[in-house]
Amino acid sequence: MKNVKFDFPGEIPLIGDPEVLVAGGGPAGIAAACCAARRGRRVLLIEREFCLGGTGTGGLVGPFMTSSDPEGKTQLIRGFFRELVDRLIAADGALEPMSLENCDAHSSWHEFGHHNLTPFNPEVFKRVAEEMCQESGVELLYGAQAVAVIRSPGGERIRRVILALKEGLAAVDPRLVVDCTGDGDIAAFAGCPMMKGDETTGEMQAAGLFFSLTGIDESRLQARKEALGWESMRFEKEIAEAAANGEYPIPRRRLGLYKADDDSWRANVTRIPDVDGTRSADLTRIAVEGRKQIGAILKFLRKYVKGCEQVRLLASAAVPGVRETRRIKGEFILREQSLIDGERFPDAILMLSNSRDNHFGLIGKYIPSTKSYTIPYRVLVAPGVENLLAAGRCVSCDRAVLSAIRVMPPCFGMGQAAGNAAALALETATPCARIDVEELRRRLRAENVVLP
Ligand SMILES: Cc1cc2nc3c(=O)[nH]c(=O)nc-3n(C[C@H](O)[C@H](O)[C@H](O)COP(=O)(O)OP(=O)(O)OC[C@H]3O[C@@H](n4cnc5c(N)ncnc54)[C@H](O)[C@@H]3O)c2cc1C
């Protein structure tokens, strides 16, 4: 990064010309940045917050959802994700996913689709992710939000990205950009065709604000599960009773309590519908309304749920939990039927079996996967801009597919593919849409990625 003088009012100073600019330091961005840098590229990773991990740290979301096949026998999402998990375990910051099954406290006692989760400590995740970026040679810039994009005169490339820094506005001139902002900010600013929420109505899945808590008597909850079955662990009966007494002002009428890697728990309980996570006013509403709901949930737990009389709040998320906003509208859109059929694409860059978890309306619908399926390279390719890729929550898919692949292990996997694809595109001076995908797949396999 150039150490330039900021002189206002004046021209926006140019502070860097990275070969690869990765925008957003969540699961997709961490993997994309490390993997491109490990292929010898000069990589700048910009992140508007002051830690890596995205929704998994600032958003307090966890555990990492399943990374295995539907039977829980083989880990499918390996590569960079497996490397990170190994390092988290070595740092005492995660539990081994292949040792965990459905129906225990770590999986909120779910009977379907919640095997082989990875409970992790977000503080350890932040530190380990920074270490991995530094070791890979990634240049990191926090407090840096991409706010605009300038395209080349003919419009076929991104020439400049404008950042809002503490100092003011600054510019970078990257050779290639990987959009890992979750919301597809770079692609949208570049004028790419986008989809947002439901393709016809524009409706977006409900948001939530995660929180962590302690003081739960696990043995009493476990005894309840043995006596009443896993569905009782949503505590719908107690919620109905509290709601009848005017003591449950939360639209979602079920609890999701996930035991972490220590004696703390993460709660997926709050519900804020009708929000657009690309608007600051709506993000503010998620934060404020979410914290109000958390206060009410804690009171409810202490009064109505046996084993939770002593619960205490540890933290509420600093960053709103947004499930769905914009996705690039690529030449190919991955559709639900491919998941149902377990399709093996010739340009597959990831194999996975994550279930569809639709948070439409107030409750949503959970459809467990019975087959593994693949994600093709094509969904990462932004239409009409030759030096732009997307990875993570903003790739080219319909919203049913998004509800499955938006969880963190697939986002790491897509990031790994995008980082490698970026390096390959630069190495061969080829537009992202025309790289040698067989060579990409060969490199991914060499990095321990499972492909058909
Ligand atoms: C309520 C809720 C519950 C969930 N539960 C689970 C779960 O239990 N397990 C699981 O595995 N997944 C879960 N998920 C999904 C998962 O956390 C996210 O979908 C996943 O983290 C997406 O990864 P990503 O890298 O695409 O984006 P993100 O994690 O959102 O990271 C994007 C990063 O980009 C940064 N950024 C955004 N815009 C800009 C910009 N313009 N300039 C610079 N930086 C920018 C953000 O600050 C952020 O750090 C849940 C999500 C929600 C909302």
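Peer 1: Mind laying out helix α3 (residues 122-136), listing which residues take part and the relevant values?
Peer 2: End to end, α3 covers 21 Å across 15 residues, agreeing with the expected 21 Å (1.5 Å per residue, within 8%). Listed as buried for α3 are P122, V124, F125, V128, A129, M132, C133 and S136. For α3, the angular spread of the buried residues around the axis is 165°, confining them to a single face. Across α3 from its buried face, at more than 90 degrees, point the exposed residues Q134 and E135. Its side-chain oxygen placed 2.8 Å from the backbone nitrogen of E123, N121 serves as the N-cap of α3.

Peer 1: Can you break down the sheet that holds strand β11 (residues 257-259) residue by residue, with the values?
Peer 2: A sheet is described by the order of its strands in space; here four strands give the open sequence β11-β12-β10-β13, paired in antiparallel fashion. In the strand order of this sheet, the two ends are held by β11 and β13 (312-316), each with one partner. Pairwise comparison of adjacent strand axes, ignoring direction, gives a mean angle of 30° for this sheet. Direction of pairing for strand β10 (residues 211-214) relative to β13: antiparallel, over a ladder of four bridges. In the strand pairing of β13, S212 is matched with A315.

Peer 1: Hey, could you go over the domain arrangement of the protein for me, with residue numbers and the actual values?
Peer 2: As assigned here, the protein comprises domain 1 (14-99 + 121-202 + 324-446) and domain 2 (211-316). The C-alpha-based centres of domain 1 and domain 2 are spaced at 30 Å. Each partner contributes residues to the interface: domain 1 has 21 residues there, and domain 2 has 16 residues. In total, domain 1 and domain 2 occlude about 1,400 Å² of area from one another, counting both sides; carbon and sulfur atoms represent 53% of this. The residue K196 makes a salt bridge to D276 at a minimum N-O spacing of 2.7 Å. If you look at where domain 1 meets domain 2, you find five residue pairs in polar contact (both at pLDDT 80 or more). For the side of domain 1 that touches domain 2, the residue count by class is ten nonpolar, seven polar and four charged.

Peer 1: Go over the site of the ligand, please, and point to the residues and values.
Peer 2: E47, T55, P63, D185 and R406 are the nearest of the 32 residues found near the ligand. Here an oxygen atom of the ligand sits 3.3 Å away from a polar atom, N or O, in the main chain of P27. One of the backbone N or O atoms of M65 is found 3.0 Å from an oxygen atom in the ligand. Coverage of the ligand by the protein amounts to 97% of the 1,000 Å² it exposes when considered alone. Partitioning the shell around the ligand into residue classes produces 15 nonpolar, ten polar and seven charged.

Peer 1: Quick rundown of the pattern of salt bridges? Include the residues and the values.
Peer 2: Applying the stated criterion to the full structure yields 35 salt bridges. Ionic pairing is found between E49 and R48, a salt bridge with its closest N-O pair at 3.6 Å. Through salt bridges with shared partners, a single ionic network connects D198, E203, E324, R327 and R399.

Peer 1: Please set out the pairing of strand β5 (residues 145-151) residue by residue, giving values where relevant.
Peer 2: As paired strands, β5 and strand β6 (residues 158-165) are joined by six bridges and run antiparallel to one another. By the bridge assignment for β6, R151 is matched with I158. Here β5 hands over to β6 after six residues, with G155 in that stretch at a positive phi of 85°.

Peer 1: Outline the sheet that holds strand β4 (residues 139-142), supporting the account with residue identities and numerical values.
Peer 2: The five strands are arranged β4-β3-β2-β8-β19 in an open sheet whose pairing can be described as parallel. Pairing within the sheet leaves two strands with one partner each, and these edge strands are β4 and β19 (388-390). With direction set aside, neighbouring strand axes in the sheet form an average angle of 20°. By the bridge criterion, four bridges tie strand β3 (residues 43-47) to β4 in an arrangement that is parallel. Directly across from L44, in β4, lies its bridge partner E139. Sheet strands touched by helix α1 (residues 27-38): β2 (20-23), β3 and β8 (176-179). Its angle to β3, the strand with the most contacts, is close to 165°.

Peer 1: If you had to explain unusual backbone geometry to someone new, which residues and values would you point to?
Peer 2: Here G62 and P63 are connected by a cis peptide whose omega angle stands at 0°. You will see that A429, though not glycine, has its phi angle at about 45°, which is positive. Turning to its location among the elements, A429 is positioned in the loop between α10 (408-427) and α11 (437-446). The class for A429 is exposed, based on a relative accessible area of 67%.

Peer 1: Help me get a handle on the layout of surface pockets, residues and values and all.
Peer 2: Where empty space is left in the structure can be found by rolling a water-sized probe over the atoms. By volume, the second largest pocket is sized at about 300 Å³. Taken together, 16 residues make up the lining of the second largest pocket; nearest its centre are E331, V381, A382, P383 and A433. Its residues assigned to classes, the lining of the second largest pocket shows nine nonpolar, two polar and five charged.

Peer 1: Provide a residue-level description of the nonpolar core, including the pertinent values.
Peer 2: Membership of the largest hydrophobic core comes to 103 residues, with the highest contact counts inside it found for V178, Y377, L380, L389 and I405. Residue contributions to this core peak at eleven residues, all from α10. Both domains that furnish three or more residues to this core are identified here as domain 1 (14-99 + 121-202 + 324-446) and domain 2 (211-316). Beyond its immediate chain neighbours, meaning those up to four positions away, L389 contacts L176, V177, V178, D179, Y377, L380, V381, A418, A421, A422 and C432. By size, the runner-up hydrophobic cluster in this structure holds 26 residues, among which are L141, V149, V161 and C192.

Peer 1: Lay out the packing of α1 against α10 in plain terms, naming residues and giving numbers.
Peer 2: Where α1 contacts α10, the two axes come as close as 7 Å, and the packing angle between them is 30°. Classed by the angle they form, the pair α1 and α10 counts as roughly parallel. The handedness of the crossing between α1 and α10 comes out as right-handed. Counted together, P27, A28, A31, A32, C35 and A36 of α1 and M408, C411, F412, G415, Q416, G419, N420 and A423 of α10 form the full contact between these two elements. By residue class, the composition of the contact of α1 with α10 is ten nonpolar, four polar and no charged.

Thresholds applied
- Residues numbered from 1 in each chain as written.
- Predicted model: local features only at pLDDT ≥ 70, side-chain atom pairs only at ≥ 80, totals over all residues.
- Heavy atoms only, no water.
- Helix = DSSP H or I, 4+ residues; strand = E, 2+ residues; numbered from the N terminus.
- Expected span 1.5 Å × (residues − 1).
- Buried < 20%, exposed > 50% of the residue type's maximum accessible area, 1.4 Å probe, protein only.
- Arc of directions from axis to C-beta.
- Polar contact = N/O pair within 3.5 Å; in protein donor to acceptor, adjacent residues only side chain to side chain.
- Pairing = 2+ DSSP bridges.
- Axes fitted to C-alpha atoms, helices over the stretch in contact; angles between N-to-C directions.
- Domains from an automatic or database assignment.
- Contact = heavy atoms within 4.5 Å.
- Buried area = accessible area lost by both parts, 1.4 Å probe.
- Salt bridge = Lys/Arg side-chain N within 4 Å of Asp/Glu carboxyl O.
- Nonpolar A, V, L, I, M, F, W, Y, C, P; charged D, E, K, R; others polar.
- Near = heavy atom within 4 Å.
- Areas by Shrake-Rupley, 256 points an atom, 1.4 Å probe, with all protein chains shown as cover.
- 1 Å grid on protein atoms, 1.4 Å probe; cavity = no way out; pocket = protein on both sides within 12 Å on 5 of 7 lines; lining within 4 Å.
- Points joined across faces, edges and corners; volume = space filled by probe spheres on them.
- Core = buried A, V, L, I, M, F, W, Y, C linked by side-chain atoms within 4.5 Å.
- Parallel < 35°, antiparallel > 145°, perpendicular 65-115°, else oblique.
- Left-handed = near helix turned anticlockwise from the far one by under 90°.

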